[in-house]
Amino acid sequence: MKIIGIIASPRKEGNTSWVVNKILEGAKEKGAETHSWCFSDLDIEPCRGCLCCHDGSDRGCIINDDMQELYDAMEHADALVLGSPVYMGQMSAQAKIFTDRLFAQISPRFSPHYKEKVTKMKLVLAFTQGNPDSGMFQEYFDYTKKMFQLLEFDVKEVVVVAGMRNKPACERKDLDTAMKHVGSALVL
Ligand SMILES: Cc1cc2nc3c(=O)[nH]c(=O)nc-3n(C[C@H](O)[C@H](O)[C@H](O)COP(=O)(O)O)c2cc1C
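Residues numbered from 1 in each chain as written. Predicted model: local features only at pLDDT ≥ 70, side-chain atom pairs only at ≥ 80, totals over all residues.

1. Let's talk about the site of the ligand
In the vicinity of the ligand lie 16 residues, with Gly14, Thr16, Pro85, Gly130 and Asn131 positioned nearest. For the shell around the ligand, the residue count by class is 5 nonpolar, 10 polar and 1 charged. (Near = placed C-beta within 6 Å. Nonpolar A, V, L, I, M, F, W, Y, C, P; charged D, E, K, R; others polar.)

2. Points about the sheet that holds strand β2 (residues 33-38)
Spatial strand order, β2-β1-β3-β4-β5: 5 strands in an open sheet with parallel pairing. Of all strands in the sheet, those bounded by a partner on one side alone are β2 and β5 (153-161). For this sheet, the mean angle separating the axes of adjacent strands, direction not counted, is 15°. Where strand β1 (residues 2-7) lies against β2, 6 bridges are found, and the strand directions are parallel. Across the sheet, lysine 2 pairs through a bridge with glutamate 33, a residue of β2. Contacting β1, β2, β3 (79-85), β4 (121-128) and β5, helix α1 (residues 15-29) runs over the sheet at an angle of about 160° to β3. (Pairing = 2+ DSSP bridges. Helix = DSSP H or I, 4+ residues; strand = E, 2+ residues; numbered from the N terminus. Axes fitted to C-alpha atoms, helices over the stretch in contact; angles between N-to-C directions. Contact = placed C-beta atoms within 7 Å.)

So, in structure tokens, the structure goes:
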């Protein structure tokens, strides 16, 4: 089983990175093949809305940037762990850019034009936030889960790691086992 992680944070050594990599570690211990990318190492443009990806030519997204590597990785992956810090009560700009660029690859059911996929990719959404109240942005997390379900992901879990302003994720002893468990649960 191949599981990939996308860290949509500008901080390579930050909380989101720690959480995503810990989830992948749990999956790896169960025998999965894992790999992660951090947005700080990638050059990914926002979607141009040109719709070339859906013009019937099958050429995919025409923007020739690092998203092409992620499209390829997703093509071969069984599961995706998408991590984002909460910025102003929402996903980061990086996570939004990644999500918008999925338009070229995913068949959203919000249009009758698209066909449903036979096998859905498993998805774990992992948010980290400064505020200690993990329910503070619950409506947004629920909405985002629904949005990814519309994009035909099999959303397995929405992880919210709160309280990062008090202690960084890497110093939170309680998180180690919990995050690894999220990863191991992804492995069949
Ligand atoms: C621009 C910005 C906006 C943020 N907005 C929120 C917020 O709305 N709610 C919150 O609880 N934390 C907020 N935070 C704190 C981050 O979500 C938190 O520190 C997160 O763990 C950072 O992840 P990272 O270490 O991967 O960068 C914000 C941080 C930044 C830099």
